[in-house]
Amino acid sequence: MKEIQSQILVLHGPNLNMLGKREPNIYGLKTLDDINASLNSEAERLSVTVSIEQSNHEGILVDLIQGAFDVFNGLLINPGAYTHTSVAIRDAIAAVAIPTVEVHLSNIHQREPFRHHSYIAPVAIGQISGFGAESYRLGLQALVNHLRSHAYP
Ligand code: DQA
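These numbers come from a predicted model, not from an experiment. (Residues numbered from 1 in each chain as written. Predicted model: local features only at pLDDT ≥ 70, side-chain atom pairs only at ≥ 80, totals over all residues. Heavy atoms only, no water.)

Examining the pattern of salt bridges
Right, so step 1: Throughout the structure, instances matching the rule amount to five salt bridges.
Right, so step 2: With a shortest N-O distance of 3.1 Å, R137 and E42 are connected by a salt bridge. Of this pair, R137 sits in helix α5 (residues 134-151) while E42 is found in helix α2 (residues 32-46), placing the two residues 95 residues apart along the sequence.
Right, so step 3: Look at R137 and you get partly exposed, because its relative accessible area is 24%.
Right, so step 4: The salt bridge partner of R137 is E134, with a shortest N-O separation of 2.6 Å. Of this pair, R137 and E134 both sit in helix α5, separated by three residues, roughly a single helical turn.
Right, so step 5: Through salt bridges with shared partners, a single network forms among E42, R45, E134 and R137. (Salt bridge = Lys/Arg side-chain N within 4 Å of Asp/Glu carboxyl O. Helix = DSSP H or I, 4+ residues; strand = E, 2+ residues; numbered from the N terminus. Buried < 20%, exposed > 50% of the residue type's maximum accessible area, 1.4 Å probe, protein only.)

And the structure:
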């Protein structure tokens with residue numbers, strides 16, 4: 001099968017810069033740098049390019065998603081707590097219409113009821129939740145498989 005070069009934007013939302021120190025019983029001991037290193041090596045294995053950003057600010061995440069229009073062909077996002085609150089991030093993803101995979105380290109459906117609802121899920125291809133740092137690697141694989149299988153119908 002012929003392959004297109006995929007350019008993937010990876011976005012980490014609020015408080016994910018504190019991974020490793022933040023509630024390690026829930027989120028594990030891996031730091032964001034560890035996760036990014038594993039994403040970079042998985043990207044190389046899959047022959048795709050990843051550009052990785054983290055922000056604690058909803059508006060900055062919206063700007064980054066808007067800026068992805070016509071630049072990136074896939075979005076891998078852990079919106080953190082904005083998953084459960086942000087119509088603005090959902091609308092930005094719908095606006096740019098870039099295939100998106102939502103990831104979470106923890107299993108949000110097993111936690112407090114306020115975490116069970118995701119504003120992002122309806123505009124995402126799918127969601128990977130509950131595999132710790134591995135959720136990101138699985139999410140990248142799922143996104144790349146989706147892009148490759150939809151590139152040449
Ligand atoms: C999270 C789950 C969210 O509910 C929480 O607010 C986070 C992290 C996760 O990766 O498990 O910040 O997105």
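What to know about the nonpolar core
Right, so step 1: Formed by 23 residues in total, the largest nonpolar core has its most connected members in I8, L76, Y136 and L140.
Right, so step 2: The set of elements that each furnish at least two residues to this core consists of β1 (7-12), α2, β4 (100-104) and α5.
Right, so step 3: The contacts of I8, once residues within four sequence positions are left out, are V48, T49, V50, S51, F72, G74, L76, L140, L143, V144 and L147. (Core = buried A, V, L, I, M, F, W, Y, C linked by side-chain atoms within 4.5 Å. Contact = heavy atoms within 4.5 Å.)

A few points about the sheet that holds strand β2 (residues 49-54)
Right, so step 1: Strand order in the open sheet made by the five strands is β2-β1-β3-β4-β5, with parallel pairing throughout. In this open sheet, the two strands that pair with only one neighbour each are β2 and β5 (126-129). Direction aside, neighbouring strands of the sheet carry axes that sit 20° apart on average.
Right, so step 2: Across six bridges, β1 lies against β2 in parallel orientation. In the sheet register, L9 faces β2, and the bridge partner there is S51.
Right, so step 3: Against the sheet, α2 touches β1, β2 and β3 (74-78), its axis set at about 165° to β2.
Right, so step 4: The strands touched by α5 are β1, β2, β3, β4 and β5; relative to β3, the strand with the most contacts, the crossing angle is about 160°. (Pairing = 2+ DSSP bridges. Axes fitted to C-alpha atoms, helices over the stretch in contact; angles between N-to-C directions.)

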